[in-house]
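Structural overview for review
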Amino acid sequence: MGGMRHKHILDMASLSDADIRMILDTAVRMKEISRRPIKKVPTLRGKTVVQFFYEPSTRTKSSFDLAAKRLSADSLSFSKATSSAVKGETLLDTVQNIEAMQPDVIIIRHGSAGAPHFLAHHCEASVINAGDGMHAHPTQALLDLMTVREKMGRLRGLDLLIVGDIAHSRVARSNIVGFQKMGAHVTVCGPPTMMPIGIEQMGVKVAPSLDDAIGGADVIMMLRIQKERQAQFLMPDEREYAAVFGLNLERLQKASDDVLIMHPGPMNRGVEIAPEVADGPYAVILEQVTNGVAVRMALLYLVLGGK
Amino acid sequence: MDLIIRGGRIIDPGHFDGEADLYINEGRIAALKPGGGTGEAEKSVKVIAARGKIVAPGLIDLHVHLREPGEEYKETIASGCRAAVAGGFTAVCAMPNTHPPNDCAQVTEFILERAQSAGAARVYPVAAISPGLAGKGLTPFYELAAAGAVAFTDDGLPVANSLLMRRALEYARGAGCPVIAHCEDPLLSADGAMNEGPTATRLGLRGIPNVAESAMVQRDIALAGLTGGKLHLAHVSTREAVDAIRIAKSQGVAVTAEAAPHHFTLDDEAVCDYDPNMKMYPPLRTAADRDAIRQGLADGTIDAIASDHAPHSSIEKQLEFDLAANGVIGLETSLPLALKLVHDGVLSLPRLVELMACHPARIIGVPCGLQTGMPADITIIDPDAVFTVSADNFRSQSRNTPFEGWTLKGRATTTIVAGRVVFALDD
């Protein structure tokens, strides 16, 4: 097998289906490491991984941190609050200062779409996008692809239904691109206020009603609803949202018998997903988290030249 | 005689189009002699050979941010005026959103003094509609006009208050000046970084819908109809606005409009790499909007080409796309991009001269033309000169051009203000 052609992992659009397959296959090998009693291999010893988190994160940040540690890389994290950004330093200055310390990989989460691309233009190190604004979250899409492939045995021909605030979701965008590249069909569903103009041009079907769309889905991905959206008049309140677009047991009756329920977290229990569904037999939400470490190990390994 | 321009194609729309010699004396046009091209001149007389070139009335850019006073690290009146004449402009309108803003006669006079000492392009100050551009009252229009202001605008900030816009149109009518409207509904454009549509959706950037512009264009046209005030619409970017202007003109409303070269050249796909030099307000729109702007320029719906020259330094531009400042520079690429429309068959050369010289002059009420006795403000254009855009060669202090590396055909070779050569390409 050849190695990774890409120095940076910026979005799903720049990966080919062969790239994605290689990442997922590598992640399967990496997952085995996390099951060992000694969860550490020396593969990336002497490599330095720096994480910049300009937005809050628990899952993604700790997942990258564990991925680096399990491969024996040294890892270091900055949050916006602990970096010089609070002193008014620009992103470029902050990163150039860190670059001067010779890291091998820079992982960035940032509220601005395109911030990782901006860094990639100005950096020697490999850049991995851990979420940029509403644009992309490629490691989330890859761990979702891994989870579905693991549970279903395939990706081609599957029907993925993504439900929620599509307009503001980088998870939705990356999964739309990623699942389509692997031959799956994608439908998006949510209130029209949360449906971005021109979404059809990304090749998806738009379903106005969750009740109508649910039966045709092999995989249902529920997105987190952010409470502050009420200020932008995107929805009247959480009660109505839960009633119309929330996934509860009653609605789940209409789904196929072997449906998978996914959520990128963090969940609002009782809003977009009912507790009985989140904790029920169809949910693979914690498997997603487990696979997240494996996918991020695979990416660190591959961008640093592993095969 | 001080200067003779020999053998060029003189285009003075409505008056003359053909080969001729142009004689200039004491800062004014002394004579236009058709045919020409040869003949002896006295040794003391400067002669410019213009065969194969276009000789036009001096170009005027209605929409320029000179940044002085207050942001001299981006541009000064002197550097902006040097950029103007290098781009073929003999005059520019200076927008009032400086620090302090041009909302009182002292600032207007300061701008005129600085322009005078720069000795390049003429500067026509445009004053603020409201003190501090705050949208809460009227500036002293009569006093400002007496000091030299040629129009009023809160450009950069929309006049959200409809009553204030109405009063501005009425009051400006009394002062004999147009009101220049930056049409934007700030609640609809809120936080937007680019045009709303499939490209913004793919890139995950917040969108600005066309209606953020066109709704306010409709409002301001209606207010112009109500008040009889002269309304000039700045940087029109949407097909809906072009349609609204076309209808308003057919109904006799006193409305004029300008469009910027980036809007008739680029579309929102240009944002694909998150390049902050593709970010401006109003944003790059779709190809359909771009084509509607071109059509509007060709059929007379849009009266003028104006650059919306907006210098920014790397401090404002070398940032994440959504955090970067809006605006691009344009003085030194505006004419070549307009000539591209001529080469592409969208505009005739006389139409280009109307869009960049005659109409801008008429809108702000200043003289323009090559008839005997007129001030000798002249732009000589080589329509076939091919060059590559390089911001490092710009006279502007700033580098934020979306056209870096483009190969363009046609540019100004000589710029003359009041009979004095203020720019010559091969100097």
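Residues numbered from 1 in each chain as written. Chains lettered and ligands numbered in written order. Predicted model: local features only at pLDDT ≥ 70, side-chain atom pairs only at ≥ 80, totals over all residues. Heavy atoms only, no water.

1. Digging into the overall build of chain A
- The helix and strand tally for chain A stands at 11 helices and nine strands.
- When the backbone C-alpha atoms are referred to their principal axes, chain A occupies close to 55 × 45 × 35 Å.
- Taken over 307 residues, chain A has a buried fraction of 58%.
- Intrachain contacts of chain A at a sequence separation of at least 6 include 72% that bridge at least 24 residues.
- When the accessible surface of chain A is totalled, it reaches about 12600 Å², and 52% of it is carbon and sulfur.
- Put simply, chain A has 35 plus and 33 minus side-chain charges, and the middle of one group is 7 Å from the middle of the other. (Helix = DSSP H or I, 4+ residues; strand = E, 2+ residues; numbered from the N terminus. Buried < 20%, exposed > 50% of the residue type's maximum accessible area, 1.4 Å probe, protein only. Contact = heavy atoms within 4.5 Å. Areas by Shrake-Rupley, 256 points an atom, 1.4 Å probe, with all protein chains shown as cover. Lys, Arg positive; Asp, Glu negative; His and termini not counted. Charge placed at Lys NZ, Arg CZ, Asp CG, Glu CD.)

2. Remarks on the overall build of chain B
- Across its full length, chain B holds 13 helices and 18 strands.
- Expected size for 427 residues packed as a compact globule is a radius of gyration near 22 Å; at 21 Å, chain B falls within 12% of this value.
- Principal-axis analysis of the C-alpha atoms places the extent of chain B at approximately 65 × 45 × 45 Å.
- Evaluated residue by residue, chain B yields a buried proportion of 62% over its 427 residues.
- Of all intrachain contacts in chain B linking residues separated by at least 6 positions in sequence, the fraction that spans at least 24 positions is 74%.
- Surface summary for chain B: the accessible area is close to 15100 Å², and the carbon and sulfur share equals 50%. (Rg over C-alpha atoms; globule rule 2.2 N^0.38 Å.)

3. Brief notes about the interface of chain A and chain B
- Contact with chain A, which involves 23 residues of that partner, is made by 17 residues of chain B.
- At the boundary of chain A with chain B, total buried surface from both sides reaches about 1600 Å², with 59% on carbon and sulfur atoms.
- Among the residues of chain A in contact with chain B, Ala113, Met134 and Ile197 of chain A are the three that bury the most area, contributing 28% of the side total.
- Summed over the shared surface of chain A and chain B, the number is zero salt bridges.
- Broken down by secondary-structure element, the contributors of at least two residues to the side of chain A that touches chain B are helix H3 (91–99) and helix H4 (115–122) of chain A.
- Of all the elements, H4 of chain A adds the most residues to the side of chain A that touches chain B, at five residues. (Buried area = accessible area lost by both parts, 1.4 Å probe. Salt bridge = Lys/Arg side-chain N within 4 Å of Asp/Glu carboxyl O.)

4. A short note on helix H1 (residues 17–34) of chain A
Residue and element names in this part refer to chain A.
- For H1, with 18 residues, the first-to-last C-alpha span of 26 Å sits near the 26 Å given by 1.5 Å per residue.
- Turning to H1, its buried residues are Asp19, Ile20, Met22, Ile23, Leu24, Thr26, Ala27, Met30, Lys31, Ile33 and Ser34.
- Buried residues belonging to H1 abut helix H2 (59–70), helix H5 (138–152), helix H6 (170–181) and helix H11 (285–303). (Expected span 1.5 Å × (residues − 1).)

5. Points about the sheet that holds strand S6 (residues 185–189) of chain A
All names here are of chain A.
- The five strands are arranged S7-S6-S5-S8-S9 in an open sheet whose pairing can be described as parallel. Both edges of this open sheet fall to strand S7 (205–207) and strand S9 (260–262), since each of them pairs with a single strand only. Each adjacent strand pair in this sheet contributes to an overall mean axis angle of 25 degrees, direction not counted.
- As paired strands, S6 and S7 are joined by three bridges and run parallel to one another. (Pairing = 2+ DSSP bridges. Axes fitted to C-alpha atoms, helices over the stretch in contact; angles between N-to-C directions.)

6. Thoughts on the pairing of strand S4 (residues 126–132) of chain A
Residue and element names in this part refer to chain A.
- Taking burial as the measure, the seven residues of S4 include seven buried ones, the bulk of the element.
- As judged from the five bridges shared by strand S3 (residues 105–110) and S4, these two strands associate in the parallel manner. Looking across to S4, one finds that isoleucine 106 is bridged to valine 127.
- Handedness of the crossover joining S3 and S4 through H4 is recorded here as right-handed. (Right-handed = clockwise from strand over helix to strand, strands pointing away.)

7. Some words on the pattern of salt bridges
Residue and element names in this part refer to chain B.
- Following the criterion strictly, the structure yields 31 salt bridges over all chains and no others.
- For aspartate 299, the salt bridge goes to arginine 246, with nearest N and O atoms at 2.9 Å. Linking aspartate 299 in helix H10 (residues 287–299) with arginine 246 in helix H8 (residues 239–250), this pair joins segments that are 53 residues apart in sequence.
- With relative accessibility at 36%, the residue aspartate 299 sits in the partly exposed group.
- Owing to a relative accessible area of 31%, arginine 246 belongs among the partly exposed residues under this scheme.
- As a salt-bridge pair, arginine 351 and glutamate 354 come within 2.9 Å of each other at their nearest N and O atoms. Taken together, the residues span about one helical turn, with arginine 351 and glutamate 354 both in helix H13 (residues 349–364) at a distance of three residues.
- For glutamate 354, a relative accessible area of 23% translates into the label partly exposed.

8. Looking at the nonpolar core
- Core analysis: the biggest nonpolar cluster contains 101 residues, and Leu205, Ile221, Leu231, Leu233, Leu297 and Met356 of chain B have the highest contact counts within it.
- In terms of residues, this core owes the most to one element, H13 of chain B, which gives seven residues.
- The residues contacting isoleucine 221 of chain B, other than those within four sequence positions of it, are Leu231, Ala244, Ile245, Ala248, Val253 and Val255 of chain B.
- In this structure, Val171, Ile176, Met202 and Ala294 of chain A belong to the second largest nonpolar core, which totals 64 residues. (Core = buried A, V, L, I, M, F, W, Y, C linked by side-chain atoms within 4.5 Å.)

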